[in-house]
Each structure stands twice: as C-alpha cells, then as structure tokens.
There are 2 protein chains.
Amino acid sequence: MSNLKEYQKVSEEQHKNIQVNPYGPNPSDYLSNVRSFQLIESTLREGEQFANAFFSTEKKIEIAKALDDFGVDYIELTSPVASEQSRADCEAICKLGLKAKILTHIRCHMDDARIAVETGVDGVDVVIGTSQFLREYSHGKDMTYITKSAIEVIEFVKSKGIEIRFSSEDSFRSDIVDLLNIYKTVDKIGVNRVGIADTVGCANPRQVYELVKTLKSVVSCDIECHFHNDTGCAIANAYTALEAGAKLIDVSVLGIGERNGITPLGGLMARMIAADREYVLSKYKLHKLRDLENLVAEAVQVNIPFNNPITGFCAFTHKAGIHAKAILANPSTYEILSPSDFGLTRYIHFANRLTGWNAIKSRVEQLNLNLTDDQVKEVTTKIKKLGDIRPLNIDDVDSIIKDYHTEVSTPMMGATDGPAIDEEASLLESVKKPRLN
Amino acid sequence: MSNLKEYQKVSEEQHKNIQVNPYGPNPSDYLSNVRSFQLIESTLREGEQFANAFFSTEKKIEIAKALDDFGVDYIELTSPVASEQSRADCEAICKLGLKAKILTHIRCHMDDARIAVETGVDGVDVVIGTSQFLREYSHGKDMTYITKSAIEVIEFVKSKGIEIRFSSEDSFRSDIVDLLNIYKTVDKIGVNRVGIADTVGCANPRQVYELVKTLKSVVSCDIECHFHNDTGCAIANAYTALEAGAKLIDVSVLGIGERNGITPLGGLMARMIAADREYVLSKYKLHKLRDLENLVAEAVQVNIPFNNPITGFCAFTHKAGIHAKAILANPSTYEILSPSDFGLTRYIHFANRLTGWNAIKSRVEQLNLNLTDDQVKEVTTKIKKLGDIRPLNIDDVDSIIKDYHTEVSTPMMGATDGPAIDEEASLLESVKKPRLN
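As the structure is a computational prediction, the values presented were derived from the model and not from experiment.

Engineer: Please explain the environment of A100(B) as it appears in this structure.
Structural biologist: Relative to the helices and strands, A100(B) is located in the loop between helix 3 (84–94) and strand 3 (101–107). Discounting chain neighbours no more than four positions away, the residues touching A100(B) are D68(B), V72(B), D73(B), I75(B) and D122(B).

Engineer: Teacher, can you tell me more about the packing of aromatic side chains here?
Structural biologist: Aromatic ring pairs are defined here through the distance separating the ring centres and the angle between the ring planes. One pass over the structure, following the stated rule, counts twelve aromatic pairs over all chains. Where F70(A) meets Y284(A), the ring centres are 5.9 Å apart and the plane angle is 20°; that geometry is what we call stacked. A residue pair is termed long-range when its members are at least 10 positions apart, and F70(A) in helix 2 (residues 57–70) and Y284(A) in the loop between helix 11 (277–283) and helix 12 (289–299) qualify at 214 residues. Owing to a relative accessible area of 0%, F70(A) belongs among the buried residues under this scheme. Given a relative accessible area of 2%, Y284(A) falls into the buried group. An angle of 70° between the planes, with centres 5.5 Å apart, marks the rings of F306(A) and F50(B) as edge-to-face. Of this pair, F306(A) sits in the loop between helix 12 and strand 9 (317–318) while F50(B) is found in the loop between strand 1 (38–41) and helix 2 (57–70), placing the two residues in two different chains. We note that F306(A), like F50(B), is buried. By way of ring pairs, the aromatic residues F37(A), F70(A), Y279(A) and Y284(A) are connected into one cluster. The side chain of R271(B) reaches across the aromatic face of Y239(B), ending 4.7 Å from its centre.

Engineer: Is there a simple way to think about the sheet that holds strand 1 of chain B in this case?
Structural biologist: Strand pairing within a sheet occurs via backbone hydrogen bonds; the two strands may be parallel or antiparallel. Residues and elements named next belong to chain B. Read around the closed barrel, eight strands run 1-2-3-4-5-6-7-8, paired in parallel fashion. Here the strands of the sheet are splayed against their neighbours by 25° on average, with no regard to which way each runs. Where strand 4 (residues 123–129) and strand 5 (residues 163–169) come together, seven bridges link them in parallel fashion. Within the sheet, the bridge partner assigned to G123 lies in strand 5 and is E163. Across the sheet, helix 8 (residues 205–216) touches strand 6 (193–198) and strand 7 (222–227), and the angle it forms with strand 7 is around 155°.

Engineer: Explain the relation of the copies chain A and chain B here, please?
Structural biologist: Expressed as a screw transformation, the operator carrying chain A onto chain B has a rotation angle of 180° and an axial translation of 0.0 Å, and the superposed copies differ by an RMSD of 0.1 Å. The superposition of one copy onto the other is thereby described by a two-fold rotation axis. Minimal C-alpha distance to the rotation axis in chain A is attained by P305(A), lying at 2.4 Å.

Engineer: Looking at this structure, how should I read helix 2 of chain A?
Structural biologist: Two residues of an α-helix separated by three or four positions point the same way, owing to the 3.6 residues in each turn. Residue and element names in this part refer to chain A. With 14 residues, helix 2 should reach 20 Å at 1.5 Å per residue; the first-to-last C-alpha distance of 20 Å fits that figure. In this structure, the buried residues of helix 2 make contact with strand 1 (38–41), strand 2 (74–77), helix 3 (84–94), helix 10 (265–275), helix 11 and helix 12. Trailing helix 2 by a residue or two, G71 shows a phi angle of about 115°, which is positive.

Engineer: Would you explain the pairing of strand 1 of chain B in this entry?
Structural biologist: When a strand is regular, its side chains alternate between the sheet's two faces. Residues and elements named next belong to chain B. Pairing between strand 1 and strand 8 (residues 248–251): four bridges, direction parallel. Bridge pairing links L39 to I249 in strand 8. Viewed along the sheet, the connection from strand 1 through helix 2 into strand 2 (residues 74–77) turns out right-handed.

Engineer: Is there a simple way to explain the interface of chain A and chain B in this structure?
Structural biologist: Interface size is commonly expressed as the accessible area that is lost once the parts come together. Across the boundary between the two partners, chain A contributes 95 residues, which contact 95 residues of chain B. In total, chain A and chain B occlude about 8,200 Å² of area from one another, counting both sides; carbon and sulfur atoms represent 57% of this. Seen at the junction of chain A and chain B, the total is six salt bridges. In this structure, K385(A) engages E84(B) in a salt bridge whose closest nitrogen and oxygen atoms are separated by 3.8 Å. Across the chain A-chain B interface, the total number found is 26 residue pairs in polar contact (both at pLDDT 80 or more). Of all the secondary-structure elements, those providing two or more residues to the side of chain A that touches chain B are helix 3, helix 5 (132–137), helix 8 (205–216), helix 9 (234–244), helix 10, strand 9, helix 13 (321–329) and helix 15 (373–389) of chain A.

Engineer: Is there a simple way to explain the nonpolar core in this structure?
Structural biologist: Soluble globular proteins tend to bury their nonpolar side chains together. Ranked by internal contacts, the top residues of the largest apolar core, which has 219 residues, are I75(A), V124(A), F166(A), I75(B) and F166(B). What I75(B) contacts, discounting residues up to four positions off in sequence, is E41(B), L44(B), A64(B), L67(B), D68(B), L98(B), A100(B), K101(B), I102(B) and L103(B). Core analysis: the second largest hydrophobic core is formed by 24 residues, I327(A), L386(A), L392(A) and L427(A) among them.

Engineer: Would you mind going over the pattern of salt bridges with me for this structure?
Structural biologist: Taken as a whole and judged by the stated rule, the model has 56 salt bridges over all chains. One salt bridge connects R107(B) with D112(B), and the closest N-O pair in it is separated by 2.9 Å. Judged by its relative accessible area of 2%, D112(B) falls in the buried class. R173(B) is the partner of D170(B) in a salt bridge, and the nearest nitrogen-oxygen pair spans 3.0 Å. For R173(B), a relative accessible area of 8% translates into the label buried. Because the salt bridges share partners, they merge into one network encompassing K101(A), D125(A), E163(A), R165(A), R193(A) and E224(A).

Engineer: Would you take a moment to explain the packing of helix 9 (residues 234–244) of chain B against helix 10 (residues 265–275) of chain B for this structure?
Structural biologist: Think of two packed helices as two axes; the pair is described by the angle between the axes and how far apart they sit. All names here are of chain B. For the pair helix 9 and helix 10, interaxial distance at closest approach is 9 Å and the crossing angle is 45°. Judged on the interaxial angle alone, helix 10 and helix 9 are oblique. Here the hand of the crossing between helix 9 and helix 10 comes out right-handed. Of helix 10, the residues touching helix 9 (which contributes I235, A238, Y239 and L242) are G267, L268, R271, M272 and A275. Taken together, the residues of the contact of helix 9 with helix 10 sort by class into seven nonpolar, one polar and one charged.

Engineer: How should I be thinking about the packing of helix 2 of chain B against helix 12 (residues 289–299) of chain B in this particular structure?
Structural biologist: All names here are of chain B. Two elements in contact, helix 2 and helix 12, have axes whose closest approach is 10 Å; the angle formed by their N-to-C orientations is 160°. Taken as axis vectors, helix 2 and helix 12 run roughly antiparallel relative to one another. Here helix 2 and helix 12 pass one another in a crossing that is left-handed. Every residue of helix 12 that contacts helix 2 at K59, E62, I63, A66, L67 and F70 is listed here: L289, L292, L295, V296 and A299. Here the contact of helix 2 with helix 12 is built from residues that sort into nine nonpolar, no polar and two charged.

Engineer: Would you mind showing me how to read the domain arrangement of chain A here?
Structural biologist: All names here are of chain A. As far as domains go, chain A holds domain 1 (29–300) and domain 2 (317–408). A C-alpha centroid distance of 45 Å is found between domain 1 and domain 2. In total, about 650 Å² of surface goes out of reach between domain 1 and domain 2, with carbon and sulfur atoms giving 66% of it. If you sort the residues of domain 1 by the area they bury against domain 2, I273, L286 and R290 come out on top, with a joint share of 46%. Summed over the shared surface of domain 1 and domain 2, the number is one salt bridge. Note that D341 and R277 form a salt bridge whose closest N and O atoms lie 2.7 Å from each other.

Reading guide: rules and limits
- Residues numbered from 1 in each chain as written.
- Chains lettered and ligands numbered in written order.
- Predicted model: local features only at pLDDT ≥ 70, side-chain atom pairs only at ≥ 80, totals over all residues.
- Heavy atoms only, no water.
- Helix = DSSP H or I, 4+ residues; strand = E, 2+ residues; numbered from the N terminus.
- Contact = heavy atoms within 4.5 Å.
- Phe/Tyr/Trp six-rings, centres within 6.5 Å; stacked < 30°, edge-to-face > 60°.
- Buried < 20%, exposed > 50% of the residue type's maximum accessible area, 1.4 Å probe, protein only.
- Lys NZ or Arg CZ within 6 Å of the ring centre and 35° of its normal.
- Pairing = 2+ DSSP bridges.
- Axes fitted to C-alpha atoms, helices over the stretch in contact; angles between N-to-C directions.
- Least-squares fit on C-alpha atoms with pLDDT ≥ 70 in both.
- Expected span 1.5 Å × (residues − 1).
- Right-handed = clockwise from strand over helix to strand, strands pointing away.
- Buried area = accessible area lost by both parts, 1.4 Å probe.
- Salt bridge = Lys/Arg side-chain N within 4 Å of Asp/Glu carboxyl O.
- Polar contact = N/O pair within 3.5 Å; in protein donor to acceptor, adjacent residues only side chain to side chain.
- Core = buried A, V, L, I, M, F, W, Y, C linked by side-chain atoms within 4.5 Å.
- Parallel < 35°, antiparallel > 145°, perpendicular 65-115°, else oblique.
- Left-handed = near helix turned anticlockwise from the far one by under 90°.
- Nonpolar A, V, L, I, M, F, W, Y, C, P; charged D, E, K, R; others polar.
- Domains from an automatic or database assignment.

In structure tokens, the structure reads:
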C-alpha cells in the first residue's frame, strides 16, 4: 500500500509539473469557454426519455439532490405538460431550495409556457424543430409561424422575471439562414441563451465548431449545446462547441436519453479535466461521480458499461508488460487522468501472459518478499508460461511467486532444475491449492 | 408488421432522397479519406491487452474468421515475442488464408523483428515511444537512437518483402520537430504507413486534425491513427483524422483494449455510415456486427453496454410522444442511421407516461383494432394516467386499449362515464390480468 501511495504522490506532482498542458485549450480560440463552461443536467428530462426510465417522485428528488451536491449549474426537468405527475414533481423539486437553478423544457407554445411559469422554476427551456424534416413531419409550421410563436413565448416568460432559453431542434439539418435569422431575433428580444441541438446524433466536431463559431458572431447571449450520441461523438462535439464559444453543455448521468442518449456527465468530466483540471476540481465534486452514476444506473436498471470513462471497471487498469513498467515508474506516462481525483485507485494487472517483470517486481514488493531482479525475471517467465496455458488470477501468480521464493531461499533445491515438462507440472502444482474466490 | 415494413421502405427511400448529406465529408478537406478509409482491426492485439481478455487459440481463430467475414482490411495480432503461445497463434492465423492482411505489432527492436518476419505475416507494425515521458520512464532512449533503430528494423522488414508501418507512441505529447523528422526519415526509406497514436486517450478532434494535416504535408505514405478512449473522443478523433487525410483507423470490437480501450468498430461504423453510407455498405457486412460483438463480448465476459452505438438495446428505441409522432411519419426525422442496414429493427416505445397519441394509434393498428383519432386520444389519456402511477409494459397498454375498444364497441356503456376515482380503479382492473413474462 505504501507503494501505491507513493505512485499517487508522484502522479500528483507530475500533474503539477507539466507546465504546458498539451491537452489544454487551443490558444487560437479567443472565445473558448473550455475554462469557464457550465452544465445543464438533464437526467430528469432527457434522461426520462430513456427507454428504461420511470422515476418516482422520491427518486427524482433523490437524484436532484445528488446532482445539486455534485455541483451542476442547472437541473432540467420534464415539461409539466407531459403528465399531471410531471407537473407535481416539477413543483416539488422547485421547493427543495437547491443551489442549482431549476429549468423545465417545453414546446414553443403559449399553452405550455403558461403552465411552466407557474411551477416555480428559475427558467424555461423552449425548443422548436427548425429543420425541413421536423417542420414537415412533426409540427408542420413554417419559419414565420415559428418566429411569431417564439417571440410571444419569450416575451411572456421574460415578463415573469425568469430565465429563458430558445433552442432549435435538429439544428444541423436546418437552413443556416433561417437559423441565424431566428437566433438573431430572439437574441434582440433578450433571451438568456440560445441552444443548438444535434437531435439525430450525427454531427461531427468540425461541423459543430463552424456552426457555433458562426452563431457566436451573430448573438450576444450565451450559447447552449445539446448533442445526441448515435455516432459516438457527443463528448467530442461538446468539447469542440466550448472551444468555439458555447458556454453551456447539456448532459445526463451515463448519458441516458432518447435512443442511446446524449453527452454523459462522467465522460464530459473526463474530457474537461484533461483540459483544465483546476477549473473542474474547483466546481464539481468528482469523487461523488461514482455514487451518482450508481444511483441512476440502479434507478433505470442498467449496468455501468464496462468501458465507461472513469468509472468503467477497467478505466484505470493497465495490463501489457511494457505499459506496466512505465506506469510504475511514472503514472503520467499512460494516464493523464488521475484516478485519485475521482476517489478511485489505479490497478496494475499483473496476472496474465502479457505481464512483464516490472509488474511482477511490484507485486513481489507488495508481498514483502525479497528477490533479485534476475530472480524476478525468472519467476516472470514461469508466470507467462502458465498464462499461455490458461487464464491467471492473482492467487495463481502469488502461489508461483511464493513457491519460487521458497525454492530460491532453500539452497538445497536449484530453481532451474528439471526439464521443461516437469516445470509445467510443478507450475500447475503451485496453483492447485484450494481457493475461496 | 406490414406497418413496420412500410416505415422501413419509406426510410430507405428517404435515405436516397437526401441529395446533399449534411453529415457528409467537408468539401474543403481536399485530402479527406472519409470516402476511402480502411480498418486495421486490433481485437487480437490491443484487445488482448483488455483486462478481461484471455483468448484461446480456437477463440482467436474464430474471431479472426469473423473479422475477415465482416470485411476488415487488416487484422493485427499480438507480438510473437509476448509469449510462446502468442507466436504459435500468430503462425496459425497466418495459415488460415484469410482475405484480410495479417499484421503483428512489435517493439522497434531487431530481436522482435527477426521473430515477427518468420511468422508468415503480411506486415509488421513497429511502435516506439517518442514522448519525453516514454523516453524517460519506459525505454530510456534518445531520438538519435530511436531513429537508428527504426531505420535498421524497417530496412530489415522491407528486405523480407512484407509491409511495414512505423508508429510513434504518445504522439500528442511528443516534440513536433522530433516527430516530423523521424516520420520524414522513415517515409524516405519507404515504409508503407506511418502511425500516430493517442496512447493516453486525451487528444481532442481539432488537435488531431492539425497534427494529421501537418504530417500529411511531410510524408507521401499512408497515415494510420490509433486513438484511446479515456476521454470519450476516440470515434470523433478517428473521423477527424480521416478528414485531415489519414487513411487507416485502428479499431477493436467494442473498443476493448488497455484501460477503457480504443475506437470501437461498431461506433466507427455508425459514424462513417452517417457520412458515406454507400462506401460503408459496399465494404463491410454491417448485418454481421451484432454477432461479431456478441462473440467478443462473450469471450471477454462483458455485457454489450446499454448505450452502445447501433447494438445497444435502446439505440433505435424512441420514447417521447413528440418524437414518436415524427418517427412514424418519417423515420429520417430522428434517425439518420437506418436500423435495417444493420439487420436490426426500430422500436417505438409506447408503453410509458410520456407516450403520445400517434404512438398509441400505431399500436392500435398493430392490434388490428378500429378506433377514431378522438378515441385514440381518449385512450392515450387513460394510458398516461396509469403511467403516472407506475411503470407500464406492453401488456398493460394492450389491456387498456382492448378494454377501451370493447367499451366503445358496446353502445350501452358510455366510455366517459363515472368519476375520476372509478376510472383509476377501472384502469388498474384492466391490467390486473395474469401475465406470463
């Protein structure tokens, strides 16, 4: 354990010593918000649209409190128009007195707006489909009608003294002139934010950069972005949007939402901490991430994906011999993210045939045994040989190391005696002891 | 079912009708390979470094055959130097006579190269750490030594008449001048490919674009890219690399590899099909993706992540009422990816409190019942009401619809009779019937 702590300490110092972070903000992005982004947490809105989601009032309150404790800037809730219970839940969460601002998400329609402003929310997120697809197949309205509705709803919500965001839907398939026209109009009326949404999850990073940068030159209000993850780019798109000058990113815990969801909170934290560790740590309680993800995963009955950023079971596990050697010498060689920032620990996987003698040496030290480097190399060869025959676990490796240690500590028995066939039998003998796990 | 088929047909026609694909290649990328990329499939190399991986010879052969059938261009295998079995497996796979070219991945060292060229591979992938971190903590070599070794190994492999790739490791933390120098040198000697690797998984898309574009101006050989996924950008980085002129992307099934892995094959397919459906369908058997992922997931004992692109259980599930309406009218409104391309089907989630009457109408038709639009709206209200009380499943909704249908088809009983409290009791009565699932 003292070894582990030492690596951790070295890791932290190394993190400080990197004077120029190669993964930091691009200095040519003058309007970048990489160092000053905010989160609109939508587990209780977008996340409720996830196939498996059914949140009771108690569960919603528990999640809202956990999100607030984590430090998210906004919490977005399902429209109070969706159902009677949705409305009651929205009112209940507004009464909790959380630090995070509470938003609700409605269609661009006065019927919805009138109900939303009565719930006690701090702001209203209005959305309308501006692409030809949504205009044709969803609501059937033209841009003149959309603009007229937007103005009416925005002025009404503003008259109530609460925040208002206007967002297009399916922005990347909308006519750019239509888009800029309506954003310019609503910006003049005084919305707090305009939103861009990749509703179908197919935008790519450079496309995002261009659209956000263009929009940034047209409006003076903040820009919020919402990215679906159908093509696996939701985290990268969010980062690139911030580089281009967007300020707020919509996230949900584990990314839950329609289809395979949106930018995940945890994944975005990984991305942002690589860019600006200090800012992220100053704002968000990263060590609560695992509990938060477990809370939501349990509520919607899914497992944390094995490859989840940060909290996936193998996110900080190193296996190949060549990797293990360097990571033991300096964790920054293969890790920019420090597991301790998230209340987690690193794991060097030494029980496999790809292992190297540096990983085994570290295990020998953990076992408090004394072996020379040459001896460690010899026992490593034995371990790799058994690893070729079948999967190894920690007990297997420990048995081989301990038997070898006994052998070399007893001068009468030569460690290298006997032909190969005997060695294999002896290896299997070493690991035949009963195991409890 | 006839309804589903019709939607599918409409979907396919819509896909053809989109004359300009807003998610297609950026016309300003003159050197883009988005329409001509190749895959280096590394499940049997990078994937073997995944914490849970232990592939028997038989399993490796099964996976190699499945990858070949899927249509990957190259299959990369663990170094034959890693263990005796690794070498034997490498030789066995080379003898299968697959269409895909077989590569093995070695350190930049003559000892490794001499063994590699004897295995029967079509090419050798050489890698060496060029960042200050890896030079200091991994192999301890300076750039002069690295260059000298690279030249020796490359000329040796070339003399055997097989392909050779030279890659740096941790490229984004390497000195750009060192990097370009060594790439220029190995390009002159005549390597088939040079490789860029984001070994720590922290690069971001625009950074990738810049480095690949710069490298493209220095070398005439192909560029291969390898992206780890620690910060969730591995798919986006791969796409952006292709835009900048890279030709080959390293992938593994489900992205398995060191830590949380690399660019996943399935996720990249989703990304690429959104950009150029025709090219992707002409090269890769996408309908085999699910089986391939299941094969590997079983071999390494993980579950397919719930939010996996394409094959995650909810990738083509639509829930919110407003979404369901549009998707029923035209799938392209919320789906660029067509589930039928992957041998999968779309699912409109209608059994929940966010449901809308369009989704319920579609279910009524599936049940072969006749209800007017007003009646569908009325039964939808009933369904949403029960959805507020507890999670709904398909049987619940079907029971409510069928009971309602019986009611309105029997003129003696008014559908709207009785106070609200009775209605709730009657709803619960509707769904009390025994269920088998």
